[in-house]
Amino acid sequence: DIPKGGSLQNRLLILALKKGDIDKKDLTAMQVMSREGKFVLAMSAFLHYVAENYEKIVADFNKDRVVLREKIQAKAEQTHARQPTTLAHLAASWRVWLNAAVAREVLTKDEAKEMWKEIWNTLVETVEDQKSQQTTLHPAEYFINLLRSALLSGRCHLETVEGTQPETANRY
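Because the structure is a prediction, the values reported are computed rather than measured.

Trainee: I tried to follow the pattern of salt bridges on my own but got confused; where do I start?
Mentor: Any two side chains of opposite charge can pair if their charged atoms end up close together. Tallied over the full model, the rule gives six salt bridges. With its nearest N and O atoms 3.8 Å apart, the salt bridge here joins D21 to K18. The exposed category is assigned to K18, whose relative accessible area is 62%. Among the salt bridges present, the one from D60 reaches K56, with a minimum N-O distance of 2.6 Å. In this pair, D60 and K56 are both assigned in helix α4 (residues 54–75), four residues apart and thus about one turn of the helix distant.

This is the structure:
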C-alpha cells in the first residue's frame, strides 16, 4: 500500500515489487547470512568506520547530495520537486557505504566504482517509475478535476451569484 498524502509520497522512494522479483535462492542465502550474524558484523564495521570519520563523512555527504541532486534534476523531466532530493540523499548514502567498504577492504576501488555505476543508473531509472507511484493530488486539484468532470458530463451547472442559471449554461 502507498501511504496517503502527496507530501509524504514525494519524500519516499516507492518501488513496486511483483511476486518473483526477488529470487528465492538469493533471499534464502541472505536469511542464512542473517542467522549467522554476518549482517550484525557488517553493520558494526560500518558504524565503526562512521564513528572514526564522522566529520569528513558529513562534509562529503553534504557536498555530494547537492551535486547529485543537480545531476538527477537534469535527467528528470516533470518530476516532483522533492524527488531529486530524496534520490540524491540515497545516492550520497550509498557513497558513504562504498567508501567504508573500500576502507575496510571489503571491496576494491574498482569494484566500488562498478557498484557505484550500477547504483547510480538504477536510481536515475527510478525517477520515471516514481511518477506513477506519486498519484495523490492536492485536495484543490482533486476538487477542480471533479468539478470539471461534472460540468463536462452535463450532469451539473453553475449558478450565478443571484442563484439563477447562467444564460450560457447549455454551452458547458
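Trainee: How do you make sense of the nonpolar core when you look at a structure like this?
Mentor: Proteins that are soluble and globular tend to have nonpolar side chains buried together. Membership of the largest hydrophobic core comes to 21 residues, with the highest contact counts inside it found for L68, I72, A91, L98, W116 and W120. Sorting the residues of this core by element identifies α3 (38–52), α4, α5 (83–103) and α6 (109–133) as the ones contributing at least two each. At eight residues, α5 tops the list of elements feeding residues into this core. With residues up to four places along the chain from it excluded, the contact list for L98 reads L107, A112, M115, W116 and I119.

How each quantity is defined
Residues numbered from 1 in each chain as written. Predicted model: local features only at pLDDT ≥ 70, side-chain atom pairs only at ≥ 80, totals over all residues. Heavy atoms only, no water. Salt bridge = Lys/Arg side-chain N within 4 Å of Asp/Glu carboxyl O. Buried < 20%, exposed > 50% of the residue type's maximum accessible area, 1.4 Å probe, protein only. Helix = DSSP H or I, 4+ residues; strand = E, 2+ residues; numbered from the N terminus. Core = buried A, V, L, I, M, F, W, Y, C linked by side-chain atoms within 4.5 Å. Contact = heavy atoms within 4.5 Å.

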